[in-house]
Amino acid sequence: MHRSDYETMEGTERMKYRLDYLQELEAEAVYVIREVFAQFQHPCILFSGGKDSIVLTHLAAKAFAPGPLPFALLHIDTGHNFQETLDFRDALAERMNVRLVVGYVSDSIARQTVTEESGPNANRNRAQSITLLESMEYHGFDAAMGGGRRDEEKARAKERFFSHRDAFGQWDPKNQGPEIWNLYNGRKNEGEQFRVFPISNWTELDVWEYIRQEQIPLPSLYFSHVRNCVKRKGSILADSPYLIPHPQDEKVELNVRFRTIGDMTISGALESSASTVAEIIAELKEMNQSERGGRADDFRSESSMEDRKKEGYF
């Protein structure tokens, strides 16, 4: 459908079209998830506690209902996570009766397999790559599904649904096979892994409209709340003991919500009064900044995401 045709629709027609479109996206994601189960020996869901991984977990549960969810949830904990995220993660795992596996960056630092960054812009985001690879090897996971979407960032747009990783966990964007007629190739050599992105074709708006349709619970961080914040270089960060102070930091109390959830030291907040899913959807339709526009780690270089992915980052 052409955009002009959609814009001339009446409200009820638009809603029906969106519902049909969401059903197509859901069916595609469920198909990919079932392919993962069929092709790999020990796959898992990489669970960040963010909305995309929550939606992915919901889709995986739907794909195998009424049976139990056949995947463990793997969470990489930087040690600098929001407590709201950790509480939600634990409650979801208990409610769904699913195995939760946590890899701790602090353990990797203690093993000296990674060196903690120092300096005013230090964070543990890059260190997650090593902890992820160590956790997958230790638990024997040969594939990890995640909630990455192509609209998030240009490096993510290069990914296939089935994304090969070599024996060192590294990604080569030039060495990816075609995916024609919904045929996904999970063949790999011993020691190699795959990352799989069942909601690759979804947009941020699609995710939120699906959350509304399915009434999926989310951490409170996604909705407007009052928080002590730090304004830094165009980003609004949650004030926390993990932030290394900058001379130009401005500490303020703001009404904010988060569009992405991760390490507290890099997850940018958005000033907002949107406190319901419907209000967030309405707000998104008026925005022109990308979802990761407030992520402090993405400001390091234009290729920062791709560089991390080549090293093993999800």
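Just above sits the structure.
Residues numbered from 1 in each chain as written. Predicted model: local features only at pLDDT ≥ 70, side-chain atom pairs only at ≥ 80, totals over all residues. Heavy atoms only, no water.

Enquirer: Which residues make up the overall build of the protein, and what are the values?
Expert: Regarding its fold elements, the protein presents 9 helices and 10 strands. Looking at the protein as a whole, 53% of its 314 residues qualify as buried. When contacts within the protein are restricted to residue pairs at least 6 apart in sequence, those whose partners lie at least 24 apart make up 73%. Working note: accessible area of the protein is about 15,300 Å², and carbon and sulfur atoms make up 49% of it. (Helix = DSSP H or I, 4+ residues; strand = E, 2+ residues; numbered from the N terminus. Buried < 20%, exposed > 50% of the residue type's maximum accessible area, 1.4 Å probe, protein only. Contact = heavy atoms within 4.5 Å. Areas by Shrake-Rupley, 256 points an atom, 1.4 Å probe, with all protein chains shown as cover.)

Enquirer: Tell me about helix α3 (residues 51-64), and name the residues and values.
Expert: Each turn of an α-helix holds 3.6 residues, which means side chains three or four residues apart point in the same direction. Its 14 residues give α3 an end-to-end C-alpha distance of 20 Å, which sits within 8% of 20 Å, the value for a rise of 1.5 Å per residue. In terms of residue burial, α3 counts as a mostly covered element, since 11 of its 14 residues are buried. Of the positions making up α3, those classed as buried are Lys-51, Asp-52, Ser-53, Ile-54, Val-55, Leu-56, Thr-57, Leu-59, Ala-60, Ala-63 and Phe-64. (Expected span 1.5 Å × (residues − 1).)

Enquirer: Just give me the short version of the sheet that holds strand β4 (residues 143-145), but keep the residues and values in it.
Expert: Reading across the sheet, the 6 strands line up as β3-β2-β1-β4-β6-β5 and stay open at both edges, with mixed pairing between neighbours. Strands at the two margins of the open sheet, each flanked by one partner only, are β3 (100-104) and β5 (162-165). Averaged over all pairs of adjacent strands, the angle between strand axes in this sheet comes to 30 degrees, irrespective of strand direction. Judged from the 4 bridges that link them, β5 and strand β6 (residues 193-196) form a sheet pairing that is antiparallel. Within the sheet, the bridge partner assigned to His-164 lies in β6 and is Phe-194. Where α3 meets the sheet, it contacts β1 (43-46), β2 (72-77) and β4, and its direction lies at approximately 145 degrees from that of β1. (Pairing = 2+ DSSP bridges. Axes fitted to C-alpha atoms, helices over the stretch in contact; angles between N-to-C directions.)

Enquirer: Could you give me a rundown of helix α8 (residues 277-284), with the residues and numbers involved?
Expert: Buried residues of α8: Val-277, Ile-280, Ile-281, Glu-283 and Leu-284, and no others. Buried residues of α8 fall within an arc of 160 degrees about the axis and therefore sit on the same side. (Arc of directions from axis to C-beta.)

Enquirer: Summarise the pairing of strand β7 (residues 225-232); cite the residues concerned and give the values.
Expert: Two faces make up the sheet, and in a regular strand the side chains alternate between them. Two elements, β7 and strand β9 (residues 250-258), share 7 bridges in a ladder whose sense is antiparallel. Each residue of the ladder has a partner; that of Val-226, found in β9, is Asn-255. With 4 bridges connecting them, β7 and strand β8 (residues 235-238) associate as antiparallel partners. By the bridge assignment for β8, Arg-232 is matched with Ser-235. Hairpin connection of β7 to β8: 2 residues between the antiparallel strands, including Lys-233 at a positive phi of 50 degrees.

Enquirer: Explain a nonpolar patch on the surface to me, using residue names and the numbers behind them.
Expert: Taken together, Ile-180, Trp-181 and Leu-183 make up a surface patch of nonpolar side chains, about 400 Å² in accessible area. Along the polypeptide, Leu-183 turns up in the loop between β5 and β6. (Patch = residues over 30% accessible without salt bridge, like charges linked within 9 Å, V, L, I, M, F, W, Y side chains within 5 Å. Salt bridge = Lys/Arg side-chain N within 4 Å of Asp/Glu carboxyl O.)

Enquirer: Let's hear about the sheet that holds β9: which residues, and what values?
Expert: If you walk across this open sheet you meet the 4 strands as β8-β7-β9-β10, and the pairing is antiparallel. This sheet does not close on itself; its edge strands, each paired only once, are β8 and β10 (269-271). Taking the axes of each pair of neighbouring strands and ignoring which way they run, one obtains an average angle of 65 degrees across the sheet. Pairing geometry for β9 and β10, over 3 bridges, is antiparallel.

Enquirer: Outline unusual backbone geometry, supporting the account with residue identities and numerical values.
Expert: Leave glycine aside and you will find that most residues have negative phi; peptide bonds, for their part, are mostly trans. Residue Pro-66 is bonded to the preceding Ala-65 through a cis peptide linkage, with omega at 5 degrees. Of note, the phi angle at Gln-215 is positive, near 55 degrees, even though the residue is not glycine. Within the secondary structure, Gln-215 is located in the loop between α7 (204-214) and β7. You can call Gln-215 exposed: its relative accessible area is 69%.

Enquirer: Requested: an account of the packing of α7 against α8, with residues and values cited.
Expert: As a packed pair, α7 and α8 sit with axes 10 Å apart at the nearest point and diverge in direction by 160 degrees. In terms of axis orientation, α7 runs roughly antiparallel to α8. Considering the relative orientation of α7 and α8, their crossing is left-handed. Touching Glu-204, Leu-205, Trp-208, Glu-209, Ile-211 and Arg-212 of α7 are Val-277, Ala-278, Ile-280, Ile-281 and Leu-284, all from α8. By residue class, the composition of the contact of α7 with α8 is 8 nonpolar, no polar and 3 charged. (Parallel < 35°, antiparallel > 145°, perpendicular 65-115°, else oblique. Left-handed = near helix turned anticlockwise from the far one by under 90°. Nonpolar A, V, L, I, M, F, W, Y, C, P; charged D, E, K, R; others polar.)

Enquirer: Any details on the packing of aromatic side chains? Residues and values, ideally.
Expert: Here the structure, examined in full by the defined rule, presents 10 aromatic pairs. Aromatic side chains Trp-202 and Tyr-210 sit 5.2 Å apart centroid to centroid with 80 degrees between the ring planes, which places their arrangement in the edge-to-face category. Judged on exposure class, the residue Trp-202 and its partner Tyr-210 are both buried. A ring pair is formed by Trp-208 and Phe-223, whose centres lie 6.3 Å apart and whose planes are at 80 degrees; its orientation type is edge-to-face. With a gap of 15 residues between them, Trp-208 in helix α7 and Phe-223 in the loop between α7 and β7 connect regions that are remote in the sequence. With relative accessibility at 1%, the residue Trp-208 sits in the buried group. In this structure an aromatic cluster arises from ring pairing among Phe-37, Phe-64 and Phe-71. One Lys or Arg, Arg-150, reaches over the ring of Phe-161 and ends 5.1 Å from the middle of that ring. (Phe/Tyr/Trp six-rings, centres within 6.5 Å; stacked < 30°, edge-to-face > 60°. Lys NZ or Arg CZ within 6 Å of the ring centre and 35° of its normal.)

It is worth stressing that arrangement in space is one thing and function is another; only the former is reported here.
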